[in-house]
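Structural description and commentary
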Amino acid sequence: MASSKEGLVRNGIPIEKETAFNAFYTEVKEIEKRDSVLTPKQQIERLLRPGSTYFNLNPFEVLQIDPDLPVEEAKKKYRRLSILVHPDKNQDDPERAQTAFEIVNKAWKTLENEDTRKKCMDVIEEARGRTDLMIEEKRKRQKKEGKGAEVEEDDPMKYKHAVYVMTMKLFADMERKRRELEIRDAEERKRKREAEIEEEEAAKINKEWQKNFEESRQNRVDSWKAFQAGGGAAKSKVKKVKGFKPPKHKAETR
């Protein structure tokens, strides 16, 4: 634990935020434990509750399954849940039901695909590894302070909760990085397009310049010949000819 300008932090996470998250998670889990068989309405509320965008990044949380559950069992849970929240089964609240149904479908498609499921399992494994490291550091700190080697995460349920919290944080970090990359890509595409437009404009100006130059060539030749043939006196009688006019540059706009 260390102090900073923003307050106390643990493992790089402000304790105030972590405490708020843990309290919210505990409240949700108590509700789910009380209602072991949630109704369609309760499932829709769960999937669309405050903070759902954060929770729904984790497909295992959406389907309420253990990450180590076999794919076929996960598929059965998905089917039951998708039926519960299907808009046809919730005609009194079709719009929210449709949103919940799409969330469930997205979670299953993520786990159904071998590559994306593996990425999710990698997140779970990293969460377990980080949690184990955190517990060991906590244990060493307690020993050093003379408080014994036992920590609250030795309780299997509390250990599972700690892994869950870390898992959510990792999924949130992944989403944040994905959005940042998406913004950078969009800015890069915009920059390239602006460069292409500038090149196209320069090519257009050059083409117009060449056209005007060629169109005025014969006039310049005729004028010079007339000047040579007539001398200085004839110069004043020579009809004024059209000269070369280079194209005007357009003012840059940003």
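My aim in this report is to walk through the structure given alongside it, one point at a time. (Residues numbered from 1 in each chain as written. Predicted model: local features only at pLDDT ≥ 70, side-chain atom pairs only at ≥ 80, totals over all residues. Heavy atoms only, no water.)

1. Describing the overall build of the protein chain
Counting its regular elements, the protein chain contains 8 helices and 3 strands. The contacts in the protein chain between residues at least 6 apart in sequence include a share of 62% that link residues at least 24 apart. Accessible surface for the protein chain amounts to roughly 18,600 Å². Of this, 53% is attributable to carbon and sulfur atoms. (Helix = DSSP H or I, 4+ residues; strand = E, 2+ residues; numbered from the N terminus. Contact = heavy atoms within 4.5 Å. Areas by Shrake-Rupley, 256 points an atom, 1.4 Å probe, with all protein chains shown as cover.)

2. Concerning unusual backbone geometry
Within the chain, Gln 64 stands out as a residue other than glycine whose phi angle is a positive 55°. Here Gln 64 shows up in the loop between helix H4 (59–63) and helix H5 (71–85).

3. Topic: the packing of aromatic side chains
Taken as a whole and judged by the stated rule, the model has 2 aromatic pairs. Judged by centre distance (5.9 Å) and plane angle (85°), the rings of Tyr 54 and Phe 55 are edge-to-face. A ring pair is formed by Tyr 78 and Trp 108, whose centres lie 5.4 Å apart and whose planes are at 10°; its orientation type is stacked. In this pair, Tyr 78 is assigned in helix H5 and Trp 108 in helix H6 (residues 94–112), connecting sequence segments 30 residues apart. Each member of the pair Tyr 78 and Trp 108 is classed as buried. (Phe/Tyr/Trp six-rings, centres within 6.5 Å; stacked < 30°, edge-to-face > 60°. Buried < 20%, exposed > 50% of the residue type's maximum accessible area, 1.4 Å probe, protein only.)

4. A few points about the nonpolar core
Leu 47, Phe 60, Val 62, Leu 63, Val 85, Val 104 and Leu 111 are the most contacted members of the largest nonpolar core, which has 27 residues in total. Mapped onto this core, the elements with two or more residues apiece are helix H2 (40–48), H4, H5, H6, helix H7 (114–144) and helix H8 (156–235). When sequence neighbours within four positions are dropped, the list of residues in contact with Val 104 reads Leu 47, Val 62, Leu 63, Tyr 78, Leu 81, Ser 82 and Val 85. (Core = buried A, V, L, I, M, F, W, Y, C linked by side-chain atoms within 4.5 Å.)

5. Overview of the side chain of Asn 90
Its place among the elements puts Asn 90 in the loop between H5 and H6. Of the polar contacts made by the side chain of Asn 90, one reaches the backbone oxygen of Leu 84; its length is 3.0 Å. (Polar contact = N/O pair within 3.5 Å; in protein donor to acceptor, adjacent residues only side chain to side chain.)

6. Examining the packing of H6 against H7
Their axes nearest at 5 Å, the elements H6 and H7 cross at an angle of 95°. Considering their axes alone, H6 and H7 lie roughly perpendicular with respect to each other. Contacts between H6 and H7 involve Lys 109, Thr 110, Leu 111 and Glu 112 from the first element and Glu 114, Thr 116, Arg 117 and Cys 120 from the second. Residues belonging to the contact of H6 with H7 are distributed by class as follows: 2 nonpolar, 2 polar and 4 charged. (Axes fitted to C-alpha atoms, helices over the stretch in contact; angles between N-to-C directions. Parallel < 35°, antiparallel > 145°, perpendicular 65-115°, else oblique. Nonpolar A, V, L, I, M, F, W, Y, C, P; charged D, E, K, R; others polar.)

7. Some remarks on the environment of Arg 139
Checked against the element boundaries, Arg 139 lands in helix H7. Here Arg 139 falls in the buried class, since its relative accessible area comes to 18%. Through-space distance from the C-alpha of Arg 139 to that of Glu 152 is 9.9 Å; in sequence the pair is 13 residues apart. Dropping the residues within four chain positions of it, Arg 139 is found in contact with Gly 148, Ala 149, Glu 150, Val 151 and Asp 154. Within the structure, the side chain of Arg 139 is placed 2.7 Å from the backbone oxygen of Ala 149, a separation counted as a polar contact.

8. Examining the side chain of Arg 49
Mapped onto the elements of the fold, Arg 49 is located in the loop between H2 and helix H3 (52–55). The exposure class assigned to Arg 49 is buried, which follows from its relative accessible area of 11%. Among the polar contacts made by the side chain of Arg 49, one reaches the main-chain carbonyl oxygen of Arg 46 at a distance of 2.2 Å.

9. Description of H2
All buried positions along H2 are accounted for by Gln 43, Ile 44, Arg 46 and Leu 47. Along the long axis of H2, the arc covered by the buried residues comes to 160°, so they all point the same way. (Arc of directions from axis to C-beta.)

10. Topic: the packing of H2 against H6
As a packed pair, H2 and H6 sit with axes 9 Å apart at the nearest point and diverge in direction by 70°. Comparing the axis directions of H2 and H6 gives the class roughly perpendicular. The chirality of how H2 crosses H6 is left-handed. Contacts between H2 and H6 involve Ile 44, Glu 45, Leu 47 and Leu 48 on the former and, on the latter, Arg 96, Ala 97, Thr 99, Ala 100, Ile 103 and Val 104. Taken together, the residues that form the contact of H2 with H6 break down as 7 nonpolar, 1 polar and 2 charged. (Left-handed = near helix turned anticlockwise from the far one by under 90°.)

11. Section: the pattern of salt bridges
Applying the stated criterion across every chain, the model contains 22 salt bridges. Glu 136 is paired through a salt bridge with Arg 139; the nearest N and O atoms lie 3.7 Å apart. Separated by 3 residues within a single helix, Glu 136 and Arg 139 lie in helix H7, roughly one turn from each other. A salt bridge links Glu 182 to Arg 178; its shortest N-O distance comes to 3.4 Å. Of the two residues, Glu 182 and Arg 178 are both situated in helix H8; the distance of 4 residues between them amounts to about one turn of the helix. (Salt bridge = Lys/Arg side-chain N within 4 Å of Asp/Glu carboxyl O.)

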